[in-house]
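Next come the chains, spelled out residue by residue.
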Amino acid sequence: FSPILVPATIATTLLTTGFTTSGGLGIVALRIFWKLFKRLRKRGKGTPKISRIGPGPDSNSVSGG
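Counting of residues starts from 1 at the beginning of each chain's written sequence and follows it residue by residue. Per-residue local features are limited, in this predicted model, to residues with pLDDT of at least 70; the limit for side-chain atom pairs, both in listing and counting, is 80 or more; totals at the level of whole chains, interfaces and linings are taken over all residues. Values reported for side chains reflect all heavy atoms of the structure, with hydrogen atoms and water molecules removed beforehand.

A few words now on the overall build of the chain. Helix and strand labels come from DSSP, where a helix needs a run of H or I of at least four residues and a strand needs a run of E of at least two; each type is numbered from the N terminus. Each helix and strand in the chain was counted, giving one helix and zero strands. Counting all 65 residues of the chain, 0% fall into the buried class. Every accessible area reported is derived by Shrake-Rupley at a probe size of 1.4 Å, with residue values counting cover from the shown protein chains alone. With the model as given, the accessible surface of the chain reaches about 6600 Å², and the carbon-plus-sulfur share is 68%. Note on exposure labels: buried denotes an accessible area under 20% of the residue type's maximum, exposed denotes more than 50%, and partly exposed covers the range between, all computed with a 1.4 Å probe on protein chains only.

When two rings of Phe, Tyr or Trp (its six-membered ring) have centres within 6.5 Å they constitute a pair, described as stacked for plane angles under 30 degrees, edge-to-face for angles over 60, and tilted for the intermediate range. Following the criterion strictly, the structure yields one aromatic pair and no others. Ring centres of Trp34 and Phe37 lie 5.7 Å apart, and the angle between their planes is 35°; on these two criteria the pair is classed as tilted. Pair noted here: Trp34 and Phe37 are both in helix α1 (residues 2–45), with a separation of three residues, about one helical turn. Residue class for Phe37 comes out partly exposed when judged on its relative accessible area of 40%.

UniProt positions are given in the numbering used here, feature names are shortened, and annotations may be inferred rather than shown by experiment. Within the UniProt annotation, "transmembrane region" (unreviewed entry) is assigned to residues 6–34. Measuring from the first to the last C-alpha atom of residues 6–34 gives 42 Å, for a span that is 100% helix and 0% strand.

Bringing a positive patch on the surface into the picture now. Among the surface-exposed residues, Arg31, Lys35, Lys38, Arg39, Arg41, Lys42, Arg43 and Lys45 lie close enough to one another that they form a single positively charged patch. On the secondary structure map, Lys45 appears in helix α1. The patch calculation keeps residues exceeding 30% relative accessible area without a salt bridge and links them within 9 Å when they carry like charges or within 5 Å when they are nonpolar (Val, Leu, Ile, Met, Phe, Trp, Tyr). The salt bridge definition used is simple: a Lys or Arg side-chain nitrogen within 4 Å of an Asp or Glu carboxyl oxygen. The charge count includes Lys and Arg as positive and Asp and Glu as negative, but it does not include His or the ends of the chains. Every charge is mapped to an atom, namely NZ of Lys, CZ of Arg, CG of Asp or CD of Glu.

Among the surface-exposed residues, Val6, Ile10 and Leu14 lie close enough to one another that they form a single nonpolar patch of about 300 Å² accessible area. Structurally, Ile10 is set in helix α1.

Written out as structure tokens, the structure is:
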């Protein structure tokens, strides 16, 4: 009975450890991405808005030709 239980216990322990580790690392990665996303969104709110895009005041002068 022992030659069956020992390998089964080892396999079950390795599988459980693997699933737990991969799940934990996945949660950590999601948290890092979420914090990065929030930081980038916060940085985007502070950027100045350009009210007018066009030629500058010197564009009315006619170049000779």
